[in-house]
Amino acid sequence: MVEQDLTIEPGSTIGIMGGGQLGRMIALAASNLGYRIAVFCESEDDPATQVCQKAVIAPFNDFLALKKFTSMADVITFEFENVPAEAANFLEAHSLVRPKPKVLAIAQDRILEKTFLNEIGIETAPWAQINQADHISRAMLSLGHDAIFKTARFGYDGKGQATIRGDQALLDTWIAAGKPPSIAEGIVDFACEISVIIARGLDGKTQCYDIAENQHRNHILDTTIAPGRVDFEISEQAKIIAEKIANSLSLVGLIAIEMFVTKDRRILVNEIAPRPHNSGHWTIDACVTSQFEQLVRAICGLPLGSPQRHSNALMRNLLGKDVERWPQIIADGENKLHLYGKRGAPPGRKMGHVTRLFPLSPSWDSVTLDTAMTSIRENS
């Protein structure tokens with residue numbers, strides 16, 4: 001379907017590909033603006049199906065089901081980027097899709113992603129493509145003895161990744177993974193990891209949220225600090241990079257960009273995700289417009305909302321059995337608890353998150369942040 005400068009008015013139906021917690025929170029934000037929601041997913045009890053009006057339960061490669069889904073929705077978006085390319089292209093041929101499938105294609109393949117970033121002049125960690133065995137020695141020669149192995153596709157929360165040392169280890173890891181298209185990435189001595197979330201509307205205007213700092217546990221996001229502990233110069237540079245990426249993609253929607261800030265003050269882009277992001281959950285409680293409402297505004301052709309932060313915030317994920325502490329968490333009136341309605345809590349599964357708000361300031365002083373971090377960890 002040819003892209004049109006259409007405004008999708010309240011009362012229309014937004015189709016969401018994927019039924020996870022991001023889809024759930026998109027649906028909740030959309031309902032506040034008067035939209036109806038249809039969800040396409042593979043399980044009838046996914047988090048998003050619990051809060052939508054219509055759902056199609058089928059594999060993502062079921063084209064009859066996809067055709068039915070297009071008849072339900074006035075605009076379709078994605079809550080995760082690993083929707084098969086064939087499905088995304090089919091949707092675009094039969095409906096209005098925002099963001100475009102080409103944006104999804106870049107984000108779901110590390111080789112395409114890093115090539116795109118480098119071609120538009122954005123620095124990443126050094127990397128080398130691995131598609132066959134004779135790429136191994138060449139990759140390690142360019143990167144040094146140590147590197148991080150990453151499969152090109154379907155990697156998230158540390159999946160499909162391994163730190164390797166030497167040619168043989170890289171070869172063994174690649175073979176054990178099934179010899180998929182992959183990359184080897186140089187190890188970065190970074191000072192911190194930050195993320196930038198930016199929305200871009202139909203008119204090309206953008207709105208960028210304050211920089212957030214991310215801390216991980218077992219390769220999964222544990223805590224997000226907003227604002228991140230970077231100075232004004234780094235913050236502005238990161239926002240400029242984010243805007244360049246959004247404009248280069250001709251994005252209509254929302255994109256999250258993970259970046260490393262090195263100890264010598266370079267900014268290296270690690271990954272892009274053209275959808276709401278775990279590191280932006282704090283915006284629900286701490287900003288005028290949440291990342292989820294902002295996505296709805298963008299894909300529906302509405303004016304973008306203000307991303308202004310009215311509080312400092314800490315967001316902590318509830319992983320696996322962490323969710324069992326919900327009575328303790330909700331008993332503290334300072335906690336903002338968000339549960340995703342998932343059944344079963346295996347280790348590492350994102351079951352919900354908790355946000356705590358603190359008085360607005362341009363940056364954290366160390367004593368206040370230490371107290372805040374202790375508070376959120378003791379109470380969540």
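For the structure itself, look to the data block above.
Treat the numbers as computed from the prediction; the structure is a model and nothing was measured.

Participant: Just give me the short version of the overall build of the protein chain, but keep the residues and values in it.
Facilitator: Within the protein chain, the secondary structure is distributed over twelve helices and 17 strands. Relative to the 2.2 N^0.38 estimate, which gives 21 Å for 380 residues, the radius of gyration of the protein chain is 21 Å and therefore close to what a compact globule would have. With the C-alpha coordinates of the protein chain rotated into their principal frame, the extents come out at 60 × 55 × 40 Å. Approximately 16,100 Å² of the protein chain is accessible, and the part contributed by carbon and sulfur atoms is 51%.

Participant: Pulling in residues and values, what's your account of the sheet that holds strand 8 (residues 182-185)?
Facilitator: The pairing of strands in a sheet happens through backbone hydrogen bonds and is either parallel or antiparallel. Taken in spatial order, the four strands of this open sheet run 5-8-6-7, and their pairing is antiparallel. Both outer strands of the open sheet, strand 5 (127-130) and strand 7 (161-165), are each paired with one neighbouring strand and no more. Recorded for the sheet is a direction-independent mean angle of 25° between the axes of neighbouring strands. Note: strand 5 against strand 8, four bridges, orientation antiparallel. Within strand 8, the residue paired with I130 across the bridge is S182. Along the sheet face, helix 6 (residues 135-143) touches strand 5, strand 6 (146-151), strand 7 and strand 8 and points at about 175° away from the line of strand 5.

Participant: Run through the state of the cysteines, naming residues and quoting values.
Facilitator: In a disulfide, the sulfur atoms of two cysteines are held together by a covalent bond. Taken as a whole, this structure holds zero disulfides when the rule is applied. No disulfide involves C41; its nearest neighbouring cysteine sulfur is the one of C52, lying 7.5 Å away.

Participant: Break down the packing of aromatic side chains for me, citing the residues and quoting the values.
Facilitator: Inspection of the entire model under this criterion finds six aromatic pairs. Ring geometry for F63 versus F90: centroids 5.2 Å apart, planes at 65°, classification edge-to-face. Note that F63 is positioned in helix 2 (residues 63-72) and F90 in helix 3 (residues 85-94), a separation of 27 residues in sequence. Residue F63 is classed as partly exposed on the basis of its relative accessible area of 36%. Members of the aromatic cluster, each reached through a chain of ring pairs, are F40, F60, F69 and F80.

Participant: Please provide a residue-by-residue account of helix 3, values included.
Facilitator: Of all the positions in helix 3, only A87, A88, F90 and L91 are classed as buried. The buried residues of helix 3 occupy an angular sector of 160° when the element is viewed end-on, so they sit on one face. Residues of helix 3 that are buried sit in contact with strand 1 (13-17), helix 2, strand 4 (75-78) and helix 4 (101-107).

Participant: If you had to explain the sheet that holds strand 4 to someone new, which residues and values would you point to?
Facilitator: Taken in spatial order, the four strands line up as 3-2-1-4 in an open sheet, and their pairing is parallel. Each having just a single partner strand, strand 3 (54-57) and strand 4 make up the two edges of the open sheet. This sheet shows a mean twist of 20° between the axes of neighbouring strands, independent of strand direction. Its contacts with the sheet put helix 1 (residues 21-32) on strand 1 and strand 2 (36-41), and the angle it makes with strand 1 is roughly 170°.

Participant: Give me the environment of A139: which residues, what numbers.
Facilitator: Within the element layout of this structure, A139 appears in helix 6. By relative accessible area, which is 1% here, A139 ends up buried. Placed 94 residues apart in sequence, A139 and D45 show a C-alpha to C-alpha distance of 44 Å. Those residues in contact with A139 that sit more than four places away from it in its chain are A128, L170 and A184.

Participant: Hey, could you go over the pattern of salt bridges for me, with residue numbers and the actual values?
Facilitator: Per the counting criterion, the structure on display carries 24 salt bridges. Note that E236 is salt-bridged to K239, the shortest N-O span being 4.0 Å. With E236 and K239 both in helix 8 (residues 232-248), this residue pair falls three residues apart, about one helical turn. The partly exposed category is assigned to E236, whose relative accessible area is 30%.

Participant: Describe the packing of helix 2 against helix 3, with residues and values.
Facilitator: Their axes nearest at 10 Å, the elements helix 2 and helix 3 cross at an angle of 40°. Taken as axis vectors, helix 2 and helix 3 run oblique relative to one another. Seen from above, helix 2 lies across helix 3 with right-handed handedness. On helix 3, the residues that touch F63, L66, K67, F69 and T70 of helix 2 are E86, A87, F90, L91 and H94. Here the contact of helix 2 with helix 3 is composed, by residue class, of six nonpolar, two polar and two charged.

Participant: Provide a residue-level description of the layout of surface pockets, including the pertinent values.
Facilitator: Over the atoms rolls a probe the size of a water molecule, and in doing so it shows where empty space is left. Empty space within the second largest pocket amounts to approximately 230 Å³. Counting only elements with at least two residues in the lining of the second largest pocket, the list comes to helix 1, helix 10 (291-299) and strand 16 (335-339). Here the lining of the second largest pocket takes five residues from helix 1, the largest share from any one element. Residues that form the lining of the second largest pocket fall into these classes: eight nonpolar, three polar and two charged.

Reading guide: rules and limits
Every chain begins its residue count from 1, and numbering advances along the sequence as written. Only residues with pLDDT of 70 or above have their local features reported here, since the model is predicted, and side-chain atom pairs are shown and tallied only from 80 upward, although totals for entire chains, interfaces and linings are computed over all residues. Working from all heavy atoms in the structure, the side-chain values ignore hydrogens and water. What counts as a helix is a DSSP run of H or I of at least four residues, what counts as a strand is a run of E of at least two, and both are numbered from the N terminus. Only C-alpha atoms enter the radius of gyration; for comparison, a globular chain is expected to reach 2.2 Å times N to the power 0.38, where N is the number of residues. What sets the accessible areas is the Shrake-Rupley method with a 1.4 Å probe; for residues, cover comes only from the shown protein chains. Note: two strands are recorded as paired if DSSP finds a minimum of 2 bridges between them. Axis geometry follows a simple rule: fit a line to the C-alpha atoms, using only the stretch in contact for helices, then measure angles between N-to-C directions, giving values from 0 to 180 degrees. The contact definition used throughout considers only heavy atoms, calling two residues in contact when any of these lie within 4.5 Å. Two cysteine sulfur atoms form a disulfide, by the criterion used here, when they sit within 2.5 Å. A pair of aromatic rings is counted whenever rings of Phe, Tyr or Trp (Trp by its six-membered ring) have centres within 6.5 Å, and the orientation is called stacked for planes under 30 degrees apart, edge-to-face for over 60 and tilted otherwise. The buried label applies to any residue whose accessible area, calculated with a 1.4 Å probe on protein chains only, is under 20% of its type's maximum; exposed applies above 50%, and partly exposed to all values in between. Directions pointing from the helix axis toward each C-beta atom define the arc. Here, a salt bridge means any Lys or Arg side-chain nitrogen found within 4 Å of an Asp or Glu carboxyl oxygen. These descriptions rest on fixed angle ranges, namely under 35 degrees for roughly parallel, over 145 for roughly antiparallel, 65 to 115 for roughly perpendicular, and the rest for oblique. When the near helix sits turned anticlockwise from the far one by under a right angle, the crossing is termed left-handed; a clockwise turn instead gives a right-handed crossing. Polar here means any residue outside two lists: the nonpolar Ala, Val, Leu, Ile, Met, Phe, Trp, Tyr, Cys and Pro, and the charged Asp, Glu, Lys and Arg; Gly therefore counts as polar. Every definition here rests on a 1 Å grid over the protein atoms only: cavities are sets of points where a 1.4 Å probe fits but cannot get out, pockets are open sets enclosed by protein on both sides within 12 Å along at least five of seven lines, and lining residues have some atom within 4 Å of a point. Grid points are joined across faces, edges and corners, and a volume is the space filled by probe spheres set on the points.

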